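Notes for the structure review
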Amino acid sequence: MSEHSTAHHFLEGLCEIGVEYLFCNLGTDHVPIIEELARWKKAGRNHPAVLLCGHENLAMHMAMGYALLTGKGQAVLVHVDVGVANAVMGMHNACRTRVPLLLFAGKAPFTVRGELPGSRDTFVNFLQEPFDMAGMVRPFAKWTYDLPAGLVVREALTRAHAVMQSDPQGPVLMTAAREVLMSPQPDEKMRSFPPERQGPIQAAGLDDGAVRKLAAMILAAKNPVLISSYAGRNPKAPALVDALARLAGMRVYESNAIHLNIPRDSPCFAGFLAGPELGDADFGLLVDVDTPWVPKFAKIDPQARWAVLDVDPLKSGMPNWGYPADLRLMADSVPVLERLIALLQAEAPEAWKRAAAERLAALAQRRQGLREAAKKAAADPGKKGAMSVSYVAAELNKVLGPDDILVHETITNVFQVMAQIERTRPLSVLANGGGGLGFGGGVALGAKLAKPDRLVVHLTGDGSFVFSNPSAMMIAAKRYGLPILTIVLDNGGWGAVKGATLRSFPEGTAKAMGEFQAVLGEGIRHEALAAMVDGHGECVEDPAEIAVALGRGIAAVKAGKPAVVVFRIERIDQT
């Protein structure tokens, strides 16, 4: 009777569900897996590639970046409760961004006197056993499971895969004690559970009657709008959103956009801040969007009608949502948009088509006005040491190719930055659907892993850069040959903290004294981190040097070196 350890069958199960990469920060709980990886290598067996990450935050976001571009959830291995604690922010971001991944954590051994292989053998084993380790991530996990015995490991992995990849996608957690991972399992009792028979399910389209209800609402509208955030996770969606918008004369906003949802050179693209401009809309279609506007600042016609087309229209993971919906449609937006366009093309009255064409012409003029405003904003370069954000972004836009991938985490400067950068192709721009800062660096590395032949640009503020565990990021970029260009917009701290204070206390003492507790400090050289891995780093203070600095950074990346280019923009303690 042949037998192998649970850890061996764990690796086989990962292969069976199609996991290609293990993003790891390993510890004492993983020694059975480490041993099996060595045995597989000795035997010449292929296993998921191991990428060691210097921090769990990096591991989580690298897995996210890979999944955002490929749709394939990967595995993240972290060390007991402390590793899970470091991964919690990544679980939040993965949940809110609807990214599939498997977080696997070991547990402290449950035997203390050597009763079983894997029993406790160090002081720390007694300190790493919380009462409810899964409770740390349960608000953000679609599924949690503690592996009770090795015999079910492959079935459990298939279940994890099915849940995380099913719509709406999201992260899952599995845990296992060291004794379980080391325990031998008879090979003949280990069944296969192929995903083909027990795999994920995706949201489908809708019956024709439901689509016709939506079409009727659009046909009745005099001034329709569409708002989206993550429809573009499917590369087919941006072209469909654009086609519908042009057909219906419908302006389109991207609100807190995770993906590109409409080519930004479309005449129908209206910008990123819908709320203040919705007062004239009599119909709105919310397509895959969590926060279409901030109600406090929105101007909404109470008589306007609203439809929600979303893979997750109820937003059941949010205790309070509160947006209007006369029609809620739970479906994959792509087939619904395809059918909706076909219906309108075939059945819309000629009078409606003429009115839609007139709206489209007006939208084209509006879009041109937005371009001119952006150009005007970028005309002033600022001054040395306090360069204009708009000017920097406009210079970056000049060097980005259509297939380059931009991962941005600029937070308080996002509207100024994205007004200058016109992305047009699906999956060419990625952002965070959650609120955990430090997302960008890991996601950019994961994107580079998924698309090694593409230039990946990580655009971040200095505050977000600090959160991204940049030393761990640099080490991973060097070790695994993942050169990316990191651009840091350095305003000296956290503008979001200052902004939030001013919104709550517009004439308060903090404003009067200029005390916002948001400044990082003087003399910080973020670019110096590149030197630790023989990368390229430089800090730019003069607007006249932006273009050549970008050229040097891109050249370094193309030569295989990670690059960090810091641009000193208007400081938060001086504006």
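Here the structure is shown first, and the text comes after it.
A brief look at the structure comes next. Everything quoted here is computed from the prediction, not taken from an experiment.

So, about the overall build of the protein. Assigned secondary structure in the protein consists of 19 helices and 22 strands. What you see for the protein is a C-alpha radius of gyration of 25 Å, in line with the 25 Å of a compact globule of 575 residues. With respect to the principal axes defined by its C-alpha atoms, the protein has extents near 80 × 60 × 50 Å. Burial status across the protein gives 56% buried among its 575 residues. Of all intrachain contacts in the protein linking residues separated by at least 6 positions in sequence, the fraction that spans at least 24 positions is 78%. A total accessible area of about 23,800 Å² is found for the protein, and carbon and sulfur atoms account for 55% of it.

Attention shifts here to the sheet that holds strand S10 (residues 251–254). Strand order in the open sheet formed by six strands is S11-S10-S9-S12-S13-S14, and the pairing between neighbours is parallel. Both edges of this open sheet fall to strand S11 (269–271) and strand S14 (327–330), since each of them pairs with a single strand only. Each strand axis lies, on average, 20° off the axis of its neighbour in the sheet, ignoring direction. Two elements, strand S9 (residues 224–228) and S10, share four bridges in a ladder whose sense is parallel. Bridge pairing in S10 places valine 225 opposite arginine 251.

This next bit is on the sheet that holds strand S19 (residues 456–461). In space, the six strands of this open sheet follow the order S18-S17-S19-S20-S22-S21, with parallel pairing throughout. The strands lining the two open edges of the sheet, one partner per strand, are strand S18 (429–430) and strand S21 (536–540). Two elements, S19 and strand S20 (residues 485–490), share five bridges in a ladder whose sense is parallel. From the neighbouring strand, valine 457 faces S20, where its bridge partner is leucine 485. Across the sheet, helix H19 (residues 546–558) touches S20, S21 and strand S22 (563–568), and the angle it forms with S22 is around 165°.

Together, Leu26, Val31, Ile34 and Leu52 line one region of the surface with nonpolar side chains, adding up to about 280 Å² of accessible area. As for its position among the elements, leucine 26 is in the loop between strand S2 (21–24) and helix H2 (31–43). According to the relative accessible area criterion, leucine 26 is partly exposed, its value standing at 32%.

What follows covers the layout of surface pockets. Taken as a whole, the largest pocket holds about 1,400 Å³ of empty space. Forming the walls of the largest pocket are 48 residues, and the residues nearest its centre are Asn256, Ile411, Thr412, Val414 and Phe415. Listing elements by their share of the lining of the largest pocket, those giving two or more residues are strand S17 (405–409), helix H13 (414–420) and helix H17 (495–504). At seven residues, the largest contribution of residues to the lining of the largest pocket is made by H17. Within the lining of the largest pocket, the residues separate by chemical class into 22 nonpolar, 19 polar and seven charged.

Time to look at the nonpolar core. Ranked by size, the top nonpolar core spans 70 residues in total, and within it Leu214, Ile218, Leu244, Phe283, Leu285, Ile487 and Phe567 carry the most contacts. With 58 residues, the next largest nonpolar core counts Val78, Ala105, Val137 and Ile405 among its residues.

Each aromatic ring pair is specified by the distance between its two centres and by the angle formed by the two planes. If you walk through the whole model with that rule in mind, you get eight aromatic pairs. Judged by centre distance (4.6 Å) and plane angle (40°), the rings of phenylalanine 10 and phenylalanine 104 are tilted. Of this pair, phenylalanine 10 sits in helix H1 (residues 6–16) while phenylalanine 104 sits in strand S5 (residues 101–107); the two residues are 94 residues apart in sequence, bridging distant segments of the chain. An identical accessibility class is assigned to phenylalanine 10 and phenylalanine 104; each is buried. Over the ring of tryptophan 40 we find arginine 45; its NZ or CZ atom is 3.9 Å from the centre of that ring. In this arrangement the basic side chain of arginine 120 is found over the ring face of phenylalanine 126, its NZ or CZ atom lying 4.8 Å from the centre.

Another point: empty space enclosed by the protein. Tallied over the entire structure, the rule returns four cavities of 30 Å³ or more. Estimates place the volume of the largest cavity at around 40 Å³. In terms of lining, the largest cavity is formed by Val392, Ala393, Leu396, Val417, Leu459, Ile487, Leu489, Leu550 and Phe567. When residues of the lining of the largest cavity are traced back to their parent elements, those giving at least two are helix H12 (389–399) and S20.

Next up on the list: the environment of glycine 523. Structurally, glycine 523 is set in the loop between helix H18 (509–513) and S21. When its relative accessible area of 66% is taken as the criterion, glycine 523 is described as exposed. For the pair glycine 523 and leucine 400, spaced 123 residues apart in the sequence, the C-alpha separation amounts to 30 Å.

Applying the stated criterion across every chain yields a total of 33 salt bridges. Here aspartate 208 ties to arginine 212 by a salt bridge, and the two come within 3.1 Å at their closest N and O atoms. With aspartate 208 and arginine 212 both in helix H8 (residues 208–220) and four residues apart, this pair spans about one turn of that helix. For aspartate 208, a relative accessible area of 31% gives the class partly exposed.

Moving on: the state of the cysteines. Taken as a whole and assessed by the stated rule, the structure comprises zero disulfides. Cysteine 24 provides the cysteine sulfur closest to cysteine 53, a residue in no disulfide bond, and the two sulfurs are 7.4 Å apart.

Of all the five residues making up S17, five are buried; the element is thus mostly covered by neighbouring parts of the structure. Pairing of S17 with S19 involves five bridges; the strand directions are parallel. Paired with valine 407 across the two strands is histidine 458, which belongs to S19. Looking at chain direction, S17 and S18 are connected through two bridges and run parallel. If you follow leucine 406 over to S18, its bridge partner there is valine 429.

Quick notes on the rules
- Residues numbered from 1 in each chain as written.
- Predicted model: local features only at pLDDT ≥ 70, side-chain atom pairs only at ≥ 80, totals over all residues.
- Heavy atoms only, no water.
- Helix = DSSP H or I, 4+ residues; strand = E, 2+ residues; numbered from the N terminus.
- Rg over C-alpha atoms; globule rule 2.2 N^0.38 Å.
- Buried < 20%, exposed > 50% of the residue type's maximum accessible area, 1.4 Å probe, protein only.
- Contact = heavy atoms within 4.5 Å.
- Areas by Shrake-Rupley, 256 points an atom, 1.4 Å probe, with all protein chains shown as cover.
- Pairing = 2+ DSSP bridges.
- Axes fitted to C-alpha atoms, helices over the stretch in contact; angles between N-to-C directions.
- Patch = residues over 30% accessible without salt bridge, like charges linked within 9 Å, V, L, I, M, F, W, Y side chains within 5 Å.
- Salt bridge = Lys/Arg side-chain N within 4 Å of Asp/Glu carboxyl O.
- 1 Å grid on protein atoms, 1.4 Å probe; cavity = no way out; pocket = protein on both sides within 12 Å on 5 of 7 lines; lining within 4 Å.
- Points joined across faces, edges and corners; volume = space filled by probe spheres on them.
- Nonpolar A, V, L, I, M, F, W, Y, C, P; charged D, E, K, R; others polar.
- Core = buried A, V, L, I, M, F, W, Y, C linked by side-chain atoms within 4.5 Å.
- Phe/Tyr/Trp six-rings, centres within 6.5 Å; stacked < 30°, edge-to-face > 60°.
- Lys NZ or Arg CZ within 6 Å of the ring centre and 35° of its normal.
- Disulfide = S-S within 2.5 Å.

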